[in-house]
Amino acid sequence: MDLNVILAAVSVLIFVALLAFFAFLVKHQADVEPEEKPVYGVELLEQHYAPGSTVEQPTPYYVAPIPAAPDPLEISANLDKKIVVGAAMLFGLFGLIGAYLLIQPALRAEAVEHQLSLDVRRGKALYASLCYDCHGRDGRGGTNPEGKQLPGLPLNKAEFKYEAIKADPAAVERVRRLLVSTIEQGRERPAPAYSMPAWARSHGGPLGAWQIKQLADLIMYGHDEDWADMPHIREEHGQTVAEVVPDPPKPPSGDVIARQVCAVCHSFTAGQASTSPLAPNLARYGVEGPIVAELRRAKDSGDADWLVKWVTNPASIKPGSAMPPYGQSAGGQLPEASVRLVVQYLLTLGR
Ligand code: HEC
Ligand code: HEC
């Protein structure tokens, strides 16, 4: 059972028990000490002044000093009633605390629900302006009205929806982590493939942690009506309803790839030794290549792609070659377009 319900029940019980106990005390008191008959007026005088004794009158001009402390007699007047009222207030307080604990889970659930709907709404605005062009008007990728393929993956899908996976808390956690970390860090893909941009400020993007949570909330808790809203939000913001597919990123040119990737081992400066002693200096490769016998044979066989094949996967030409594969098809990092660019560059060297 919910801890809050138990706490509330205990506090209500204590409240009732104290009330009952106090009622018992009052009754008990009344039983053991039957109330004295109250005395008023003349009778009171008789009690204090014996018949015949002189009653001292205050002098007419005497002004009593204002007592420094409250009159003890006044405090004790109606003491019983004051205690009852005080106790009732104390018990009332217990009762209020109990009642609060009782309704608190409901209050909290409502606040969470409210916050979530706010987050989804803000997430929609962020999506419409930042993600729409790549992931589509309904969050399902696809093509834009001109028929251009959108680069983003579908986000509005059952695997990401809380309603579909809520039975498995581990899956909910996994999806949230996947969404948040992908939006934060993006996913870099070598050009000319599109990358998912990084959006977190910590990764050079424009969004704070709370905004990224709002986007993840949209993807996990958004309903069909929310996604159907996107084109209207675009219109309101004065953006086109048709997705504007960004141009694919340009792959770096051959010389840049050579400098960034190949120069780790190879020297491209005439007369300067390569970093890796096994890797030949390529400064004049356009006139001096190919070097390795197997590669020379491949070129002489009339294969126009001899050098592309080498850079893609040297071992396919010279088994056991010390140069690792660079083509994606062989598990390397460069898409074929980039391999061809760096090969073109190599063949100009020294000419
Ligand atoms: C420039 C286009 C582009 C933009 C803009 C863009 N994305 Fe992406 N997004 C991609 C691409 C491309 C991928 C797929 C990356 C991959 O895995 O190859 C992707 C993947 C994702 C994924 C992972 C999906 C999965 O199934 O693993 C999420 C989540 C995502 N994007 C959310 C967003 C959000 C949220 C925004 C807006 C803040 C956004 N994207 C903006 C291009 C984009
Ligand atoms: C990890 C070190 C390393 C990197 C990085 C590297 N290479 Fe090599 N490369 C070698 C080695 C070692 C050889 C000699 C291979 C052999 O003899 O089997 C070689 C040989 C070559 C040759 C000569 C083939 C011949 O015999 O004509 C070419 C061309 C070449 N690499 C191109 C590249 C290109 C292009 C890149 C960048 C995409 C690159 N290499 C990155 C280590 C590397």
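Everything here concerns the structure above.
Turning next to the packing of aromatic side chains. For the structure on display, the rule yields four aromatic pairs. A centroid spacing of 5.1 Å and a plane angle of 85° characterise the contact between Tyr127 and Trp227, whose relative ring orientation is edge-to-face. Of this pair, Tyr127 sits in helix H4 (residues 79–130) while Trp227 sits in helix H9 (residues 224–236), and the two are 100 residues apart along the sequence. Residue classification places Tyr127 among the buried positions, given a relative accessible area of 1%. Sitting over the face of the ring of Phe160, Lys157 holds its NZ or CZ atom 4.7 Å from the ring centroid. Residue placement shows Lys213 over the ring face of Trp210; its charged tip is 5.2 Å from the ring centre.

Glancing now at the pattern of salt bridges. In total, this model carries 14 salt bridges according to the counting rule given. A salt bridge links Asp226 to Lys124; the shortest N-O distance between them is 3.1 Å. Placement of Asp226 in helix H9 and of Lys124 in helix H4 is noted, with a sequence separation of 102 residues between them. As a salt-bridge pair, Lys309 and Asp303 come within 2.7 Å of each other at their nearest N and O atoms. Its relative accessible area of 23% is what places Asp303 among the partly exposed residues. Taken together, the salt bridges that share partners define one network made up of Asp119, Arg176, Lys213 and Asp217.

This part covers H4. Taking 1.5 Å per residue, 52 residues should reach 76 Å; H4 reaches 72 Å between its end C-alpha atoms and fits that length. Largest kink in H4: about 40°, centred on Ile103, with the proline Pro105 one to four residues after it.

Our next topic: the coordination of the iron atom of ligand 2. Taken together, the protein donors to the iron atom of ligand 2 comprise His266 (NE2) and Met323 (SD), at separations of 1.9 to 2.1 Å. Every donor counted, the six donor atoms about the iron atom of ligand 2 form angles of 85 to 177° at the centre, which fits octahedral coordination. On the criterion of sequence distance, the pair formed by His266 in the loop between helix H10 (254–260) and helix H11 (285–288) and Met323 in the loop between helix H13 (306–312) and helix H14 (336–348) is long-range, its members being 57 residues apart.

Summarising the element assignment, Met220 is placed in helix H8 (residues 209–221). Measuring from C-alpha to C-alpha, the distance between Met220 and Lys161 comes to 4.4 Å, with 59 residues separating the pair along the chain. Setting aside chain neighbours within four positions, we find Met220 in contact with Phe160, Lys161, Tyr162, Val172, Val175, Arg176 and Leu179.

Conventions and cut-offs
Residues numbered from 1 in each chain as written. Chains lettered and ligands numbered in written order. Predicted model: local features only at pLDDT ≥ 70, side-chain atom pairs only at ≥ 80, totals over all residues. Heavy atoms only, no water. Phe/Tyr/Trp six-rings, centres within 6.5 Å; stacked < 30°, edge-to-face > 60°. Helix = DSSP H or I, 4+ residues; strand = E, 2+ residues; numbered from the N terminus. Buried < 20%, exposed > 50% of the residue type's maximum accessible area, 1.4 Å probe, protein only. Lys NZ or Arg CZ within 6 Å of the ring centre and 35° of its normal. Salt bridge = Lys/Arg side-chain N within 4 Å of Asp/Glu carboxyl O. Expected span 1.5 Å × (residues − 1). Bend = angle between axes of the 7 residues up to and from the residue. Donors = N, O, S within 2.8 Å, 3.2 Å for Na, K, Ca; no water. Tetrahedral: all angles 85-135°; square planar, octahedral: opposite > 155°, others 65-115°. Contact = heavy atoms within 4.5 Å.

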